[in-house]
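One-letter residues, chain by chain:
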Amino acid sequence: MIDLHSHILPGIDDGAKTLEMSLEMARIAVRDGTTVMACTPHIYPGLYMNDSAGIHAERDKLQRALDTYGIPLKLVVGADAHLVPELLDGLKSGRVPTLNGSRYFLLEPSHHVPPPNFESSVFNIMAEGYQPVLTHPERLVWIEHNYQTFVTLAKRGVWMQLTAAAILGKFGKRARYWSERMLDEGLVHLIASDAHTVNMRNPQMAEAVDRAAASVGKEEALRMVYERPQAILDDVAPELVAPALGLLPEQPVRASAAKPWYKRLLSI
Ligand SMILES: [Fe+2]
(Lines give C-alpha, C1' and ligand atoms only; values in the text may rest on other atoms or scores of the structure.)
Protein backbone atom coordinates (compact mmCIF):
# COMPACT_ATOMS: atom_id res chain seq x y z
CA MET A 1 0.00 0.00 0.00
CA ILE A 2 0.92 3.64 -0.37
CA ASP A 3 0.20 5.87 2.63
CA LEU A 4 0.21 9.53 1.65
CA HIS A 5 -0.43 11.10 5.05
CA SER A 6 1.82 10.56 8.07
CA HIS A 7 3.59 12.45 10.82
CA ILE A 8 6.49 10.02 10.94
CA LEU A 9 9.34 12.57 10.86
CA PRO A 10 10.62 12.93 14.42
CA GLY A 11 10.45 16.09 16.46
CA ILE A 12 9.04 18.59 13.97
CA ASP A 13 5.34 18.55 14.80
CA ASP A 14 2.95 16.63 17.07
CA GLY A 15 3.83 13.30 15.45
CA ALA A 16 6.79 11.03 16.21
CA LYS A 17 8.81 12.37 19.12
CA THR A 18 12.07 10.49 18.61
CA LEU A 19 13.91 8.63 15.88
CA GLU A 20 13.19 5.38 17.74
CA MET A 21 9.47 6.08 17.53
CA SER A 22 9.75 6.86 13.80
CA LEU A 23 11.54 3.57 13.21
CA GLU A 24 8.89 1.66 15.15
CA MET A 25 6.13 3.39 13.18
CA ALA A 26 7.90 2.36 9.98
CA ARG A 27 8.13 -1.25 11.15
CA ILE A 28 4.38 -1.27 11.94
CA ALA A 29 3.60 0.15 8.48
CA VAL A 30 5.78 -2.41 6.70
CA ARG A 31 4.24 -5.31 8.65
CA ASP A 32 0.82 -4.02 7.62
CA GLY A 33 1.75 -3.99 3.93
CA THR A 34 2.83 -0.41 3.29
CA THR A 35 5.78 0.10 0.95
CA VAL A 36 5.71 3.86 0.37
CA MET A 37 4.89 6.56 2.89
CA ALA A 38 4.66 10.31 2.48
CA CYS A 39 6.16 12.34 5.32
CA THR A 40 3.58 15.07 5.75
CA PRO A 41 4.27 17.16 8.85
CA HIS A 42 1.95 20.03 9.70
CA ILE A 43 2.61 23.42 8.18
CA TYR A 44 0.63 25.83 10.28
CA PRO A 45 2.06 29.36 10.50
CA GLY A 46 2.63 30.35 14.11
CA LEU A 47 2.44 26.78 15.37
CA TYR A 48 4.38 24.42 13.11
CA MET A 49 6.80 26.45 11.00
CA ASN A 50 7.93 23.65 8.71
CA ASP A 51 8.97 24.25 5.14
CA SER A 52 10.00 22.29 2.11
CA ALA A 53 13.77 22.47 2.70
CA GLY A 54 13.48 21.30 6.30
CA ILE A 55 11.09 18.47 5.45
CA HIS A 56 13.36 17.24 2.65
CA ALA A 57 16.35 17.23 5.02
CA GLU A 58 14.44 15.32 7.71
CA ARG A 59 13.08 12.85 5.16
CA ASP A 60 16.61 12.15 3.90
CA LYS A 61 17.84 11.57 7.46
CA LEU A 62 15.02 9.18 8.31
CA GLN A 63 15.37 7.34 4.99
CA ARG A 64 19.06 6.77 5.75
CA ALA A 65 18.12 5.37 9.17
CA LEU A 66 15.49 3.06 7.63
CA ASP A 67 18.04 1.82 5.12
CA THR A 68 20.60 1.29 7.87
CA TYR A 69 18.15 -0.78 9.91
CA GLY A 70 16.93 -2.71 6.86
CA ILE A 71 13.34 -1.47 7.09
CA PRO A 72 11.93 -1.61 3.53
CA LEU A 73 9.90 1.60 3.46
CA LYS A 74 10.35 4.32 0.86
CA LEU A 75 9.71 7.84 2.10
CA VAL A 76 8.54 10.71 -0.07
CA VAL A 77 8.00 14.35 0.84
CA GLY A 78 4.74 16.17 1.42
CA ALA A 79 3.06 18.32 4.03
CA ASP A 80 -0.19 18.55 5.92
CA ALA A 81 -0.86 22.12 4.86
CA HIS A 82 -3.28 24.07 6.99
CA LEU A 83 -5.64 26.29 5.03
CA VAL A 84 -4.34 29.83 5.65
CA PRO A 85 -4.40 32.92 3.41
CA GLU A 86 -0.71 32.53 2.48
CA LEU A 87 -1.04 28.89 1.39
CA LEU A 88 -1.23 29.57 -2.34
CA ASP A 89 1.89 31.75 -2.20
CA GLY A 90 3.64 29.00 -0.26
CA LEU A 91 2.78 26.41 -2.91
CA LYS A 92 3.88 28.71 -5.73
CA SER A 93 7.19 29.58 -4.10
CA GLY A 94 7.87 25.96 -3.19
CA ARG A 95 8.00 26.72 0.53
CA VAL A 96 5.00 24.40 1.04
CA PRO A 97 5.78 21.06 -0.60
CA THR A 98 3.20 19.20 -2.63
CA LEU A 99 3.04 15.39 -2.53
CA ASN A 100 6.25 14.10 -4.14
CA GLY A 101 6.55 17.31 -6.14
CA SER A 102 3.24 16.69 -7.95
CA ARG A 103 0.27 19.01 -8.43
CA TYR A 104 -1.48 17.22 -5.50
CA PHE A 105 -1.19 18.48 -1.92
CA LEU A 106 -2.78 17.68 1.43
CA LEU A 107 -5.14 20.41 2.56
CA GLU A 108 -6.17 20.52 6.20
CA PRO A 109 -9.07 22.85 7.06
CA SER A 110 -9.65 24.13 10.57
CA HIS A 111 -10.99 21.47 12.87
CA HIS A 112 -13.74 23.12 14.88
CA VAL A 113 -15.35 25.80 12.71
CA PRO A 114 -15.82 26.16 8.97
CA PRO A 115 -13.08 28.33 7.47
CA PRO A 116 -14.47 31.62 6.12
CA ASN A 117 -14.95 31.52 2.33
CA PHE A 118 -13.87 27.89 2.40
CA GLU A 119 -15.11 26.85 -1.01
CA SER A 120 -13.83 29.91 -2.87
CA SER A 121 -10.42 29.63 -1.16
CA VAL A 122 -10.13 26.03 -2.34
CA PHE A 123 -11.29 26.83 -5.87
CA ASN A 124 -8.80 29.73 -6.09
CA ILE A 125 -5.97 27.32 -5.34
CA MET A 126 -7.30 24.82 -7.90
CA ALA A 127 -7.50 27.56 -10.51
CA GLU A 128 -3.71 27.86 -10.23
CA GLY A 129 -3.29 24.21 -11.21
CA TYR A 130 -2.98 22.60 -7.79
CA GLN A 131 -5.07 19.58 -6.83
CA PRO A 132 -6.18 19.55 -3.19
CA VAL A 133 -6.62 16.35 -1.25
CA LEU A 134 -8.82 17.29 1.69
CA THR A 135 -7.62 15.54 4.83
CA HIS A 136 -9.96 13.71 7.21
CA PRO A 137 -13.30 15.44 6.47
CA GLU A 138 -14.93 12.76 8.66
CA ARG A 139 -13.18 14.10 11.76
CA LEU A 140 -13.97 17.78 11.33
CA VAL A 141 -16.43 18.88 13.97
CA TRP A 142 -18.27 21.18 11.58
CA ILE A 143 -19.11 18.45 9.08
CA GLU A 144 -22.17 17.78 11.27
CA HIS A 145 -23.98 20.85 9.93
CA ASN A 146 -22.11 21.34 6.67
CA TYR A 147 -22.03 17.95 4.97
CA GLN A 148 -23.26 19.40 1.71
CA THR A 149 -20.13 21.54 1.50
CA PHE A 150 -18.03 18.39 1.22
CA VAL A 151 -20.36 16.85 -1.35
CA THR A 152 -20.08 20.03 -3.43
CA LEU A 153 -16.30 20.12 -3.13
CA ALA A 154 -16.02 16.46 -4.15
CA LYS A 155 -18.27 17.05 -7.14
CA ARG A 156 -16.17 20.05 -8.14
CA GLY A 157 -13.03 17.93 -8.18
CA VAL A 158 -11.56 18.07 -4.66
CA TRP A 159 -10.22 14.69 -3.55
CA MET A 160 -11.25 13.36 -0.16
CA GLN A 161 -8.95 11.41 2.17
CA LEU A 162 -10.38 9.38 5.04
CA THR A 163 -8.35 8.34 8.08
CA ALA A 164 -7.94 4.56 8.35
CA ALA A 165 -8.51 4.53 12.12
CA ALA A 166 -11.67 6.64 11.78
CA ILE A 167 -13.22 4.01 9.49
CA LEU A 168 -12.62 1.49 12.28
CA GLY A 169 -14.31 3.70 14.88
CA LYS A 170 -11.13 4.68 16.73
CA PHE A 171 -12.03 8.37 16.51
CA GLY A 172 -15.52 7.77 17.87
CA LYS A 173 -18.95 7.08 16.52
CA ARG A 174 -19.42 10.36 14.66
CA ALA A 175 -16.19 10.06 12.67
CA ARG A 176 -17.12 6.48 11.85
CA TYR A 177 -20.60 7.56 10.77
CA TRP A 178 -19.24 10.23 8.39
CA SER A 179 -16.63 7.81 7.06
CA GLU A 180 -19.29 5.26 6.27
CA ARG A 181 -21.59 7.84 4.75
CA MET A 182 -18.90 9.22 2.46
CA LEU A 183 -17.89 5.70 1.46
CA ASP A 184 -21.50 4.71 0.83
CA GLU A 185 -22.06 7.80 -1.29
CA GLY A 186 -18.86 7.16 -3.24
CA LEU A 187 -17.13 10.42 -2.34
CA VAL A 188 -13.84 9.01 -1.07
CA HIS A 189 -10.65 8.97 -3.12
CA LEU A 190 -7.99 7.91 -0.65
CA ILE A 191 -7.45 6.18 2.66
CA ALA A 192 -4.34 7.19 4.61
CA SER A 193 -3.15 6.59 8.15
CA ASP A 194 -2.42 10.16 9.33
CA ALA A 195 -0.20 8.27 11.77
CA HIS A 196 1.25 10.23 14.68
CA THR A 197 2.47 7.50 17.04
CA VAL A 198 2.85 3.77 17.54
CA ASN A 199 -0.33 3.43 19.56
CA MET A 200 -3.86 4.44 18.61
CA ARG A 201 -2.76 6.76 15.82
CA ASN A 202 -0.41 4.24 14.22
CA PRO A 203 0.24 3.68 10.51
CA GLN A 204 -1.92 0.59 10.00
CA MET A 205 -4.38 0.70 7.09
CA ALA A 206 -5.11 -2.87 5.96
CA GLU A 207 -8.04 -3.53 8.30
CA ALA A 208 -9.66 -0.22 7.36
CA VAL A 209 -9.32 -1.03 3.67
CA ASP A 210 -11.12 -4.33 4.32
CA ARG A 211 -13.87 -2.44 6.12
CA ALA A 212 -14.16 0.06 3.27
CA ALA A 213 -14.43 -2.82 0.81
CA ALA A 214 -17.67 -3.85 2.49
CA SER A 215 -19.11 -0.56 1.32
CA VAL A 216 -17.47 0.18 -2.02
CA GLY A 217 -16.23 -3.26 -3.11
CA LYS A 218 -12.74 -4.63 -2.98
CA GLU A 219 -11.49 -3.17 -6.24
CA GLU A 220 -12.50 0.38 -5.34
CA ALA A 221 -11.14 0.03 -1.78
CA LEU A 222 -7.78 -1.08 -3.16
CA ARG A 223 -7.80 1.85 -5.56
CA MET A 224 -7.76 4.10 -2.47
CA VAL A 225 -4.40 2.79 -1.29
CA TYR A 226 -2.71 1.70 -4.53
CA GLU A 227 -3.89 3.19 -7.80
CA ARG A 228 -4.84 6.73 -6.81
CA PRO A 229 -1.86 7.30 -4.48
CA GLN A 230 0.42 5.97 -7.23
CA ALA A 231 -1.21 8.38 -9.67
CA ILE A 232 -0.41 11.20 -7.24
CA LEU A 233 3.22 10.12 -6.95
CA ASP A 234 3.39 10.05 -10.76
CA ASP A 235 1.57 13.40 -11.03
CA VAL A 236 -1.13 11.97 -13.32
CA ALA A 237 -3.79 14.55 -14.16
CA PRO A 238 -6.86 13.94 -11.96
CA GLU A 239 -9.18 13.66 -14.97
CA LEU A 240 -7.15 10.62 -16.10
CA VAL A 241 -7.58 8.84 -12.76
CA ALA A 242 -10.62 6.72 -11.85
CA PRO A 243 -13.13 8.97 -10.12
CA ALA A 244 -14.64 7.94 -6.81
CA LEU A 245 -17.71 5.76 -7.46
CA GLY A 246 -20.26 8.46 -6.61
CA LEU A 247 -18.61 10.86 -9.03
CA LEU A 248 -18.83 8.70 -12.14
CA PRO A 249 -20.51 10.29 -15.16
CA GLU A 250 -24.08 9.02 -15.35
CA GLN A 251 -23.96 8.46 -19.08
CA PRO A 252 -20.73 7.09 -20.43
CA VAL A 253 -19.36 9.43 -23.04
CA ARG A 254 -17.06 8.31 -25.78
CA ALA A 255 -13.93 9.78 -24.20
CA SER A 256 -14.42 8.29 -20.75
CA ALA A 257 -15.58 4.95 -22.13
CA ALA A 258 -12.21 4.61 -23.80
CA LYS A 259 -10.27 5.12 -20.59
CA PRO A 260 -8.82 2.04 -18.93
CA TRP A 261 -10.31 2.85 -15.55
CA TYR A 262 -13.81 3.03 -17.04
CA LYS A 263 -13.47 -0.35 -18.73
CA ARG A 264 -12.33 -1.83 -15.44
CA LEU A 265 -15.29 -0.33 -13.61
CA LEU A 266 -17.71 -1.80 -16.15
CA SER A 267 -16.26 -5.23 -15.55
CA ILE A 268 -16.89 -5.21 -11.77
FE1 LIG B 1 -2.22 14.97 9.55
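What you see is a predicted model, and the numbers here were worked out from it, not measured in a lab. (Residues numbered from 1 in each chain as written. Predicted model: local features only at pLDDT ≥ 70, side-chain atom pairs only at ≥ 80, totals over all residues. Heavy atoms only, no water.)

Asker: Honestly, the environment of Pro109 in this entry has me stumped. Any pointers?
Answerer: Mapped onto the elements, Pro109 comes out in the loop between β6 (104-108) and α4 (118-127). When the C-alpha atoms of Pro109 and Arg31 are compared, they prove to be 31 Å apart, with 78 residues separating the residues in sequence. (Helix = DSSP H or I, 4+ residues; strand = E, 2+ residues; numbered from the N terminus.)

Asker: Looking at this structure, I do not really get the side chain of His189. What am I missing?
Answerer: Considering the arrangement of structural elements, one finds His189 in the loop between α7 (173-184) and β9 (190-192). Look past the residues within four positions of His189 in its chain and what remains in contact with it is Val158, Trp159, Met160, Met224, Arg228, Ala244 and Leu247. (Contact = heavy atoms within 4.5 Å.)

Asker: Explain the coordination of the iron ion here, please?
Answerer: Working reference: metal with six octahedral donors, ideal angles 90 or 180 degrees; metal with four tetrahedral donors, ideal angle 109.5 degrees. Here the iron ion is held by His5 (NE2), His7 (NE2), Asp80 (OD) and Asp194 (OD), and the distances to it run 2.0 to 2.3 Å. Metal-centred angles of 81 to 173° between the four donor atoms at the iron ion mark the site as irregular. Sequence spacing of the donors to the iron ion: H-x1-H-x72-D-x113-D. Here His7, found in the loop between β1 (2-3) and α1 (19-32), pairs with Asp194, found in the loop between β9 and α8 (206-216); they are 187 residues apart in sequence, far enough to count as distant. Judged by its relative accessible area of 1%, His7 falls in the buried class. (Donors = N, O, S within 2.8 Å, 3.2 Å for Na, K, Ca; no water. Tetrahedral: all angles 85-135°; square planar, octahedral: opposite > 155°, others 65-115°. Buried < 20%, exposed > 50% of the residue type's maximum accessible area, 1.4 Å probe, protein only.)

Asker: Would you mind going over the sheet that holds strand β5 (residues 80-82) with me for this structure?
Answerer: In any sheet, the strands associate via hydrogen bonds between backbone groups, in a parallel or an antiparallel arrangement. Pairing within the open sheet is parallel, and its six strands lie in the order β3-β5-β6-β7-β8-β9. Two strands lie at the open edges of the sheet, namely β3 (42-43) and β9, each paired on one side alone. (Pairing = 2+ DSSP bridges.)

Asker: Is there a simple way to think about the packing of aromatic side chains in this case?
Answerer: Aromatic rings in a pair are described by how distant their centres are and how their planes are angled relative to each other. Applying the stated criterion across every chain yields a total of six aromatic pairs. Aromatic side chains Phe118 and Trp142 sit 5.4 Å apart centroid to centroid with 90° between the ring planes, which places their arrangement in the edge-to-face category. One end of the pair, Phe118, is in helix α4; the other, Trp142, is in the loop between β7 (131-135) and α5 (147-155), and 24 residues separate them in sequence. For Phe118, a relative accessible area of 6% puts it in the buried group. Joined through ring pairs, the aromatic side chains of Phe118, Trp142 and Phe150 make up one cluster. The positively charged end of Arg139 is found above the aromatic ring belonging to Phe171, 4.3 Å away from the centroid. One cation-aromatic arrangement involves Arg156 over Phe123; the distance from NZ or CZ to the ring centre is 3.9 Å. (Phe/Tyr/Trp six-rings, centres within 6.5 Å; stacked < 30°, edge-to-face > 60°. Lys NZ or Arg CZ within 6 Å of the ring centre and 35° of its normal.)

By themselves these figures say nothing about function.
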